[in-house]
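Secondary and tertiary structure notes
As a plain string of letters, each chain reads:
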Amino acid sequence: MAALHRTESTLTALDEETLWEMMESHRHKIVRSICPSRLTPYLRQAKVLDQLDEEEVLHSPTFTNTVMRVGHLLDLLKTRGKNGAIAFLESLKFHNPDIYTLVTGLQPQVDFSNFSGLMETAKLTECLAGAIGSLQEELSQEKGQKEALLQRCRQLQERLGQAEARAQSLCQLEADHDRMKREVSAHFHEVLKLKDEMLGLSLHYSNALREKELAATRCRSLQEELYLMKQELQREKISSSHERESRERSLQVAGGLGPGDRELSRLKEENEKLRSLTFSLVEKDILEQNLDEALESKQELVDRIHSLRERAVAAERQRKQFWEEKEQTLLQFQRTKVDCDIYKERVTALQSQLLQLQKERDQAYSARDAAQMEIAQNLTEKDALRRKVFELTDQVCELRQQVRKPQAESLQGPKQEAGAREPCPKGKQRLVRMFAICPRDDSDYSCPSSTESQLCSDLSATSNRELVDSFRSSSPRPPSLQSLYKRVTDDFWEDPWSFSSLQPFSRGLTTSSSGVPVRRRPARKILSQVTVLAFQGDALLEQISVIGGNLTGIFIHRVTPGSAADEMALRPGTQIMMVDCEATEPLFKATLEDTTLEQAVVLLQRVNGFCCLSVKVNMEGYKKLVQDLEAKVATSGDSFYIRVNLAIEARAEGELQVRCNDILHVTDTMFQGRGCWHAHRVGPYSTTGAEDGTIPNYTRAQQLLIALIQDMAQHTTIARKSSGGPQKLVRIVSVDRTKPSPLRSSFDGTPPQPSRLEGEPSTACFWAESCFTLVPYTLVHPHRPSQPRPVLFVPSVAGKILSEKLCLLRGFKKCLAEYLSQEEHGACSQRGDIIQEREASGGRYCVTRRAVESLMEKNTHALLDVRLDSVCALHRMEIFPIIIHIPINERAAKKLKKVLQRLSTSEEQLLEAGRQEEGQLDRVPCLYGSLAPDSWSDLEGLLGCVRVAIADEQKKVVWTEQNPH
C-alpha cells in the first residue's frame, strides 16, 4: 500500500469506495485500538458528526464496550461519504499515527504552522477543550479502573495465600495418600507373591501325590513280577534237579528197570503238587490286595452314608422349622386380617361420629349466630335506654335547678355562693355528667347543655386555684386543662424509665374540638409497666410516625403537634405494645410485639376512630435504634431469616436473584417504601450475609409463586423435579390459615384473627378467603449442633445398602429399634420420646430418643431407618438429622443391580420408591443434601461421595422451619 500511496495528496484524489475499502480491510485493528472519545471532537469540527451522533456513539446503552462504539462510529462516517473517510483519516493522523500508517502506508506529517488554517481559532479552542475533557474523563476512568484492579489484586492475593495454604495442606494430604498407596501396592504385591507361592506349592503337592500313586502302582506291578520271577526260578531249580535226578536214575536204570518205574511215578506226583502249590500262592497274594482295596472302598462308603444321614437329619430339622414359621405366619395373617376388619369398623364408626359432630358444629354455629344477633339487639336496646336515662337525668337536673333558683335568690351573698356550689342535699356532692367514650353524632349531643356551660364557667373561674391540685384528687370536680398539662409535662417526662409515678392521665377531662370537656376512657395498667391509653385516633398514622421492627419493637418517632396523640402526651421513644379498636371496628385487636415494621404500618393504617393503645417507655431501646439508623448500621429494626420457596430473577439493578431453597436474612420490610424487602443471602456455613439486594414482599412473592405455578402447568416441558435435571423452580408449601403461625403474623397483610386475646403470644393468625394458602417464604431459625448428627438416606432402599457398608467404618453405627412392652411404650409416648414405631406381639418395636442420643454421645453418626415424616418428631426433640438425597434414574439403578439382587429388589421397585420418597422432600422442614447422579460409578464410589457429603453437612448451619408440617 505504501507503493500505491506515496503522498497525502493522493488520498484526496482517491474515490470513496477505495478509501473505505482501505479502512474496511483493517477494520478489526481499528476497532480494537481507537478510543472514540478522542476522535469525536475533531470529527464534529470537520462537520461530519453532530452532537446527537456524538452522544449516541459515546453514551448509548446499547453499546456495552469500546469495540461496538468504534464500529458504530465507522458506520456513521460511511454514510457521510468521502468527507467522512478523509476526516476520519485526518483524525487518525493526530491521535493514532500508527493506525494511520497501517491504513494508508504513509508517515503522518503534521505542519503545525498551517494547523491554524484548518479551522477557526474559536473552533480550535473548543476542539482542544473537548479533547482535554475527554482525556481527563478517560484518565479518571483509568484511575477508577486502576483502584478497582488494585482492590481486585489484593483480594486475589488474599485468595492466593489461602489457596497456597490449602495447596500445602492438599500436598501434604497427597503425599500421605501417595505413601498409603505405595504401602497398599507393596502389601498387594506381597499378597500376590504369597498367592503365587501357595499356587506353586499346591501344584507341587498335587504332582507329588500323582507321582506317589504312580510309584505305588509301579511297586505293585514290580512285586507281582518279582513273585512271578521267584516262582519261575523255583520251577527252574526243580526242573534242573529233576533232570539231574533223571540222569542219575537213567544211569541207574541202565543197571535195573523195576525200581525206576516206581520212582518215576512218585516224581510225577510231586511235580503236580508243586505246580498246584505255586499257583495258589500267587492267587493268594492277588486276593489279599483285592481284599484290602475292597475294605478301603467299604470304609469310604460307610463315611459317605454317615454324612448323608446327617444331612438328612438337618434337612428334616429345617423342614420342621419352616413348617412352624409357616404356621406362625398364617396365624399372624389371620390376626392381622381380624385387626384390619376391626380398624375398618372403627374408621366407619369414626366417620359416622365425625358426620354427627359436623352436624352439631353447624347447629352450634347457627345457635351462635342467633345468640350474637340477640346480643346485638340487646346492646342496641341498652344504648337506647341509656340515652333515655341521660336525657331524663338532664331534665331532672334542670328541674332541680329551677326549683332551687327562687330559694337561692332569697338567701344572702355568702349563702348564695355556697348554695350555688352545693345544690345537692347535705352529705352528698353534686355529680357532673360527662361525654361518653365514643360520642355519637346525634343531634342531642351536638351542643353542650346549660349544666355543662356552667361547668366550663366554673372551671375557668377556679383554674388558678386548681393549678396546684393533682388530677388524682378525691374531689368530684375534674382538674383543669392547665393542671392536666402540668401533670403530663412534669411527671411523665421527668422519670421516663419508671411508670410508678405515671398515673393514667386519661381519667381527667380533655377538650373536644368544640371546646367541651370530655371524659376519656380511664387508662388501665397491665403487666411489664404497660399503660393503656384511650383516645380518638382518626387517621392515626397522620398523627404519629413509627420506626422499628420485629427485633427492636415498634416505637413512635414523630408526633404531629396539636393532634389527639399529642394531647395524650405520646412522645418519641414510646413503644407500642398493642392496638385495640374493638369499640369502633369489631374483632380488631392485635399485638405489635415481634411484628415487622410493614405489618405494624398496615395495622396502624386501619385505625381511624376511637382506639386503645397499650404503650410503655423504652428510651434505651429507642436511642439505640436511632443511633443505628443515623450511623447506617441498620435501615430498620427488622431481622429474621426466611427460606425461599420459589426462584426469583433479578429484573432490575439492585434486585437480588434468588434460587429455590435459598436462605435469606431480611433486615428491612419497608425498604425504599412498601412493596419490597432488603435481604442478604446467607452462606451454608455461617449466619452472616454476603450478597444483598431487594426481594418482593410476601404479597408480591405470593403472586409470583401463583403465576409461576400457572406457567409451569401450561408449559409441561418444564422439568418440575427430575433427578439430576434442571434447577428446581418451586417448592410447594401450603399452610392452614385457620391455625396460628408466626409466618403470616410477620409477613401477611390480612386482618387479625378474632379469637386472638390479649394474653396470647404474638404469633397471630389472620383470616383468608380460603383455609389453605401457598407460602412463598418460610420462617426459619439457625442451629449449630456440636455432636455428630444422625443420618437419613432417601430413598430408603439405597439407605439400607449404604447403612450395611457404613457400619463397617469408624464413626457410623445403625440405630436399631427397641422392643417395648405396653407399659414402657405408654411411658415413652407420654414423654414424647418415640420417633417411629411398629407393632409386634405383646408390645411394639420403637426407635427412641434414648437410642439416638446414646450414639451421639459416643461421637458416632446414627444411621436411621425411619420415614421422612419422622423428621418433625426429631426436631421437636432438638435432634437435627442429616438428610442425604440420592437421585435415582435408570442409569443409577443399573449401577446397583448386583446389590439389589441380594436384597431381592428389582430396579423398577427402586425407581418407584425413589419417585415416591423424592416427592416427600418438599414437606421436610429443613434443608437436605443431594448427590450429583454422575458423581459415582459403582457402590464404592457412591460410598465415598456419601461420606464426603455427610462430613460437609455436619459443618453447615442447620436451618429449621419454626412451624414444621
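The chain is annotated in an unreviewed UniProt entry as Caspase recruitment domain-containing protein 14 of Canis lupus dingo. Looking at the chain in UniProt, the text filed under Subcellular location (unreviewed entry) is "Cytoplasm". For the record of the chain, the UniProt heading Subunit (unreviewed entry) holds the text "Interacts (via CARD domain) with BCL10 (via CARD domain). Forms a complex with MALT1 and BCL10; resulting in the formation of a CBM (CARD14-BLC10-MALT1) complex. Interacts with TRAF2, TRAF3 and TRAF6."

Thoughts on the sheet that holds strand β12 (residues 676-682)
Here we have six strands laid out as an open sheet, ordered β13-β12-β11-β10-β16-β25, and antiparallel in their pairing. Strands with a single pairing partner mark the edges of an open sheet, and in this sheet they are β13 (689-696) and β25 (958-961). If you compare each strand with its neighbour and ignore which way they point, the axes differ by 45 degrees on average. Running at roughly 80 degrees to β13, helix α19 (residues 698-714) makes contact with β12, β13 and β16 (777-783) of the sheet.

What about the packing of aromatic side chains?
Here the structure, examined in full by the defined rule, presents six aromatic pairs. Here Trp-677 and Tyr-777 contribute two aromatic rings whose centre-to-centre distance is 5.6 Å and whose plane-to-plane angle is 40 degrees, an arrangement assigned as tilted. On the criterion of sequence distance, the pair formed by Trp-677 in strand β12 and Tyr-777 in strand β16 is long-range, its members being 100 residues apart. For the pair Trp-677 and Tyr-777, one class covers both residues: buried. Cluster of aromatic residues (ring-pair linked, three or more members): Phe-640, Trp-677 and Tyr-777.

A closer look at the pattern of salt bridges
Pairing between side chains becomes possible if they bear opposite charge and their charged atoms approach one another. Going through the model one piece at a time under the given rule, you end up with 28 salt bridges. The closest approach of N and O atoms between Arg-179 and Glu-183, which form a salt bridge, is 3.3 Å. Of the two residues, Arg-179 and Glu-183 are both situated in helix α9 (residues 121-255); the distance of four residues between them amounts to about one turn of the helix. For Arg-179, a relative accessible area of 38% puts it in the partly exposed group. Accessibility expressed as a relative area gives 38% for Glu-183, which makes it partly exposed. Across the salt bridge formed by Glu-691 and Arg-681, the nearest N and O atoms sit 2.6 Å from each other. Of this pair, Glu-691 sits in strand β13 while Arg-681 sits in strand β12; the two residues are 10 residues apart in sequence, bridging distant segments of the chain. Overall, the relative accessible area of 12% leaves Arg-681 in the buried class.

The rules we used
Residues numbered from 1 in each chain as written. Predicted model: local features only at pLDDT ≥ 70, side-chain atom pairs only at ≥ 80, totals over all residues. Heavy atoms only, no water. UniProt positions renumbered as here; feature names shortened; annotations may be inferred. Pairing = 2+ DSSP bridges. Helix = DSSP H or I, 4+ residues; strand = E, 2+ residues; numbered from the N terminus. Axes fitted to C-alpha atoms, helices over the stretch in contact; angles between N-to-C directions. Contact = heavy atoms within 4.5 Å. Phe/Tyr/Trp six-rings, centres within 6.5 Å; stacked < 30°, edge-to-face > 60°. Buried < 20%, exposed > 50% of the residue type's maximum accessible area, 1.4 Å probe, protein only. Salt bridge = Lys/Arg side-chain N within 4 Å of Asp/Glu carboxyl O.

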